[in-house]
Amino acid sequence: MIDSEQLKQNVVKAVEEIRATNPMAGSITNTVTIDFVANAQLAVGGSAAMVYLPDEGEALGTMSGSFYVNVGTLLPSHEETMCRAATVLCERKTPWVLDPVGIGLGAVRGRILAHMKDNPPTIIRCNASE
């Protein structure tokens, strides 16, 4: 277990590395959080890119240093986009975060999350209320 001072030092080091390298952090996110996610990535020195189309999700997954997938407000194309991105991210061992908003709401969301089980994220971000 690391103490709070070591955690603080690790965060400072990570931010310094991000600002020095300006890494691409791809996202497939919901319409509620697009601005927040992009601004957070930019604020720490990263480059933000959001996509919705399947071929773009896969392509961005191959060039990103990390990735964020939020299954909040789904569009019809999201099932293929998120699944293709997850597959390429796992194949490339790219770190990625899954925010599985609304687990259990509908068949499409269920299929997406089932695919993620076979192509697991590095981190699962959840709200206690979900």
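Definitions and cut-offs
- Residues numbered from 1 in each chain as written.
- Predicted model: local features only at pLDDT ≥ 70, side-chain atom pairs only at ≥ 80, totals over all residues.
- Heavy atoms only, no water.
- Helix = DSSP H or I, 4+ residues; strand = E, 2+ residues; numbered from the N terminus.
- Buried < 20%, exposed > 50% of the residue type's maximum accessible area, 1.4 Å probe, protein only.
- Polar contact = N/O pair within 3.5 Å; in protein donor to acceptor, adjacent residues only side chain to side chain.
- Pairing = 2+ DSSP bridges.
- Right-handed = clockwise from strand over helix to strand, strands pointing away.
- Salt bridge = Lys/Arg side-chain N within 4 Å of Asp/Glu carboxyl O.
- Axes fitted to C-alpha atoms, helices over the stretch in contact; angles between N-to-C directions.
- Parallel < 35°, antiparallel > 145°, perpendicular 65-115°, else oblique.
- Left-handed = near helix turned anticlockwise from the far one by under 90°.
- Contact = heavy atoms within 4.5 Å.
- Nonpolar A, V, L, I, M, F, W, Y, C, P; charged D, E, K, R; others polar.
- Expected span 1.5 Å × (residues − 1).
- Patch = residues over 30% accessible without salt bridge, like charges linked within 9 Å, V, L, I, M, F, W, Y side chains within 5 Å.
- Areas by Shrake-Rupley, 256 points an atom, 1.4 Å probe, with all protein chains shown as cover.

Asks: Mind showing me how you'd approach the environment of Arg111 here?
Replies: Inspection of the secondary structure puts Arg111 in helix H5 (residues 107-118). By relative accessible area, which is 44% here, Arg111 ends up partly exposed. Separated by 32 residues in the primary sequence, Arg111 and Glu79 place their C-alpha atoms 7.7 Å from one another. Within the structure, Arg111 has its side chain in polar contact with the side chain of Glu79 (distance 2.8 Å).

Asks: Would you mind going over the pairing of strand E4 (residues 96-99) with me for this structure?
Replies: Successive residues of a regular strand alternate their side chains across the two faces of the sheet. Relative to E4, strand E3 (residues 66-70) runs parallel, the two being bridged by 4 bridges. Opposite Tyr68, over in E4, you have Val97 as the bridge partner. One crossover worth recording links E3 to the parallel E4 by way of helix H4 (residues 78-92), and it is right-handed.

Asks: Would you mind showing me how to read the pattern of salt bridges here?
Replies: Where charged atoms from two side chains of opposite charge approach closely, those side chains can pair. Using the criterion set out here, one finds 4 salt bridges in the structure. As a salt-bridge pair, Glu58 and Arg84 come within 2.7 Å of each other at their nearest N and O atoms. Here the residue Glu58 occupies a position in helix H3 (residues 54-63), and Arg84 occupies one in helix H4, the gap between them amounting to 26 residues. Glu58 sits in the partly exposed class, given a relative accessible area of 31%. Arg111 is the partner of Glu79 in a salt bridge, and the nearest nitrogen-oxygen pair spans 2.8 Å. Highlighted residues: Glu79 in helix H4 and Arg111 in helix H5, separated in sequence by 32 residues. Linked through salt bridges whose partners overlap, the residues forming this network are Glu58, Glu80 and Arg84.

Asks: Help me understand the packing of H3 against H4 in this model?
Replies: Packed helices, taken two at a time, are described by the angle their axes make and the gap between the axes. H4 packs onto H3 with a crossing angle of 20 degrees between their chain directions and a minimal axis gap of 8 Å. By the angle between their axes, H3 is roughly parallel relative to H4. Seen along the crossing, H3 lies across H4 with a hand that is right-handed. Between H3 and H4, the contacting residues are Pro54, Asp55, Gly57, Glu58, Gly61 and Thr62 on the first element and Glu80, Thr81, Arg84, Ala85, Val88, Leu89 and Arg92 on the second. Residue composition of the contact of H3 with H4, by class: 4 nonpolar, 4 polar and 5 charged.

Asks: I'm lost on helix H1 (residues 4-21) in this one. Help?
Replies: Owing to its 3.6 residues per turn, the α-helix brings residues three or four apart onto one side. Relative to the 26 Å expected for 18 residues at 1.5 Å per residue, H1 spans 26 Å between its end C-alpha atoms, a close match to the ideal helical length. Phi turns positive, to about 45 degrees, at Asn22, one or two residues after H1.

Asks: Which parts of the structure should I look at to understand a nonpolar patch on the surface?
Replies: Taken together, Ile2, Leu7 and Val11 make up a surface patch of nonpolar side chains, about 260 Å² in accessible area. By the element assignment, Leu7 lies in helix H1.

Asks: What is the right way to look at the sheet that holds strand E5 (residues 123-124) in this model?
Replies: Within a beta sheet, neighbouring strands are joined by backbone hydrogen bonds and run either parallel or antiparallel to one another. On the basis of which strands lie adjacent, the open sheet formed by 5 strands has the order E2-E1-E3-E4-E5 and parallel pairing. Across the chains shown, the open sheet's two edge strands, defined by having one partner strand only, are strand E2 (47-50) and E5. Here helix H2 (residues 34-43) sits on the sheet in contact with strand E1 (24-28), E2 and E3, set at roughly 155 degrees to E2.

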